[in-house]
Amino acid sequence: MVKPRHSRMSTRKSPSSTLALTMLLIFTFVILILLVLGILSIPSYSGESSRANDLNSIARRNADRREGDEEREEQWVEVISWEPRAFVYHNFLTKEESEYLINLAKPHMQKSTVVDSETGKSKDSRVRTSFGTFLTRGRDKMIRNIEQKIADFTFIPVEHGEGLQILHYEVGQKYEPHFDYFRDEYSTKNGGQRIATVLMYLSDVEEGGETVFPAAIGNFSTLSYWNELSECGKRGLSVKPKMGDALLFWSMKPDGTLDPSSLHGGCPLINGNKWSATKWMRVNEYKI
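Residues numbered from 1 in each chain as written. Predicted model: local features only at pLDDT ≥ 70, side-chain atom pairs only at ≥ 80, totals over all residues. Heavy atoms only, no water.

The name recorded for the protein in an unreviewed UniProt entry is procollagen-proline 4-dioxygenase, from Tripterygium wilfordii. Taken verbatim from the UniProt record of the protein, the Sequence similarities (unreviewed entry) comment is "Belongs to the P4HA family." (UniProt positions renumbered as here; feature names shortened; annotations may be inferred.)

What follows is the structure, given as structure tokens:
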């Protein structure tokens, strides 16, 4: 009887498969060595990193330590309203930057004025009782650095910003609710429409002096600091002045139309001193 012949091919490995296995082992060994040496690291995905599109988590970070400076306070962006679109960048300016702007402006302060809607020129008005002065755009390195930070925050080029206006409010002084956008043809033709405003607080305020949006949409009585607001501050969405914070709000909607909910004013100062810096951003044409 003829015995069946068994092939030895099933137990013999081909040279190509042996080479592939050897290369895989070598590659694995190299990866392990790199991990041990710290040259490679395994990325981790936490719940916080998965919220990469959340403004409140994107900008919440510790500022880089500057050479010769103490570590800056934590910075983050807080969305406070969508009607109008308004955001607070906490600790946007350092104490050094805030004091620099105040000291630079002090010798030149004059009674604040408003823009005449017919001529586009400045005029006195009872609705605005503060003192102020303008700083030329790009006048020195410190100003240029601040203006660049504003451009990074707003995504609007430095060239579209007016010069900084420094304001000082004493007890009882205020700015009645108004719009920052222009409603006259003269002003829009000479420099373009104001699209957004960045209001930076240069000092802490003991009482009053809030920036209030009386036409904002929302239930603001639930805010944690509601009971700390003055009577004026309780007339709408309010932001309490804090040294270094920057308030960004848009005077125009995303579709390019004027936003009436951006009506805002400065509440009367009840106690303390209030210093602030304002930057208006303008565009000649705004299309989506």
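**Q** What's the story with the state of the cysteines in this structure? I'm lost.
**A** What makes a disulfide is a covalent bond joining the sulfur atoms belonging to two cysteines. Applying the stated rule across the entire model yields one disulfide. The side chain of C232 participates in a disulfide bridge whose partner is C267; the two sulfur atoms lie 2.1 Å from each other. Residues C232 and C267 are joined by a disulfide whose S-S torsion is about -80°; by sign, that bridge is left-handed. Of the two residues, C232 is situated in the loop between β11 (211-213) and β12 (237-239) and C267 in the loop between β14 (264-266) and β15 (269-271); the sequence distance between them amounts to 35 residues. Residue C267 is classed as buried on the basis of its relative accessible area of 2%. (Disulfide = S-S within 2.5 Å. Helix = DSSP H or I, 4+ residues; strand = E, 2+ residues; numbered from the N terminus. Buried < 20%, exposed > 50% of the residue type's maximum accessible area, 1.4 Å probe, protein only.)

**Q** I keep staring at the environment of I217 and nothing clicks. Help me out?
**A** Along the chain, I217 turns up in the loop between β11 and β12. Placed 44 residues apart in sequence, I217 and S261 show a C-alpha to C-alpha distance of 7.4 Å.

**Q** Just to check I follow, could you spell out the sheet that holds strand β16 (residues 274-283) for this structure?
**A** Ordered in space as β1-β2-β13-β9-β16-β7-β6-β3, the eight strands form an open sheet in which the pairing is antiparallel. A strand with exactly one partner marks an edge of an open sheet, and here the two such strands are β1 (76-82) and β3 (110-111). Two elements, β1 and strand β2 (residues 85-90), share six bridges in a ladder whose sense is antiparallel. When the sheet's bridge partners are listed, V79 is paired in β2 with F87. (Pairing = 2+ DSSP bridges.)

**Q** Could you clarify how one ought to interpret the pattern of salt bridges in this entry?
**A** A side chain with one charge can pair with a side chain of the opposite charge if their charged atoms come near. In the structure shown here, the tally under the stated rule is six salt bridges. Note that K149 and E97 form a salt bridge whose closest N and O atoms lie 3.0 Å from each other. Linking K149 in helix α4 (residues 141-154) with E97 in helix α3 (residues 95-105), this pair joins segments that are 52 residues apart in sequence. Here K149 matches E97 in class, with each residue buried. Taken together, the shared-partner salt bridges in this structure form one network comprising E162, R194 and R282. (Salt bridge = Lys/Arg side-chain N within 4 Å of Asp/Glu carboxyl O.)

**Q** Even after reading the chapter, I still don't get the packing of α3 against α4, so can you show me in this structure?
**A** Between two packed helices, what matters for the description is the angle formed by their axes and the separation of those axes. Running from amino to carboxyl end, α3 crosses α4 at an angle of 120°, the nearest separation of the two axes being 11 Å. The angle between the axes of α3 and α4 places the two elements in the oblique class. Note on packing geometry: the crossing formed by α3 with α4 is left-handed. The residues of α4 that touch α3, namely those facing E96, E97, Y100, L101 and L104, are M142, I143, I146 and K149. Looking at side-chain class alone, the contact of α3 with α4 contains six nonpolar, no polar and three charged residues. (Axes fitted to C-alpha atoms, helices over the stretch in contact; angles between N-to-C directions. Parallel < 35°, antiparallel > 145°, perpendicular 65-115°, else oblique. Left-handed = near helix turned anticlockwise from the far one by under 90°. Contact = heavy atoms within 4.5 Å. Nonpolar A, V, L, I, M, F, W, Y, C, P; charged D, E, K, R; others polar.)

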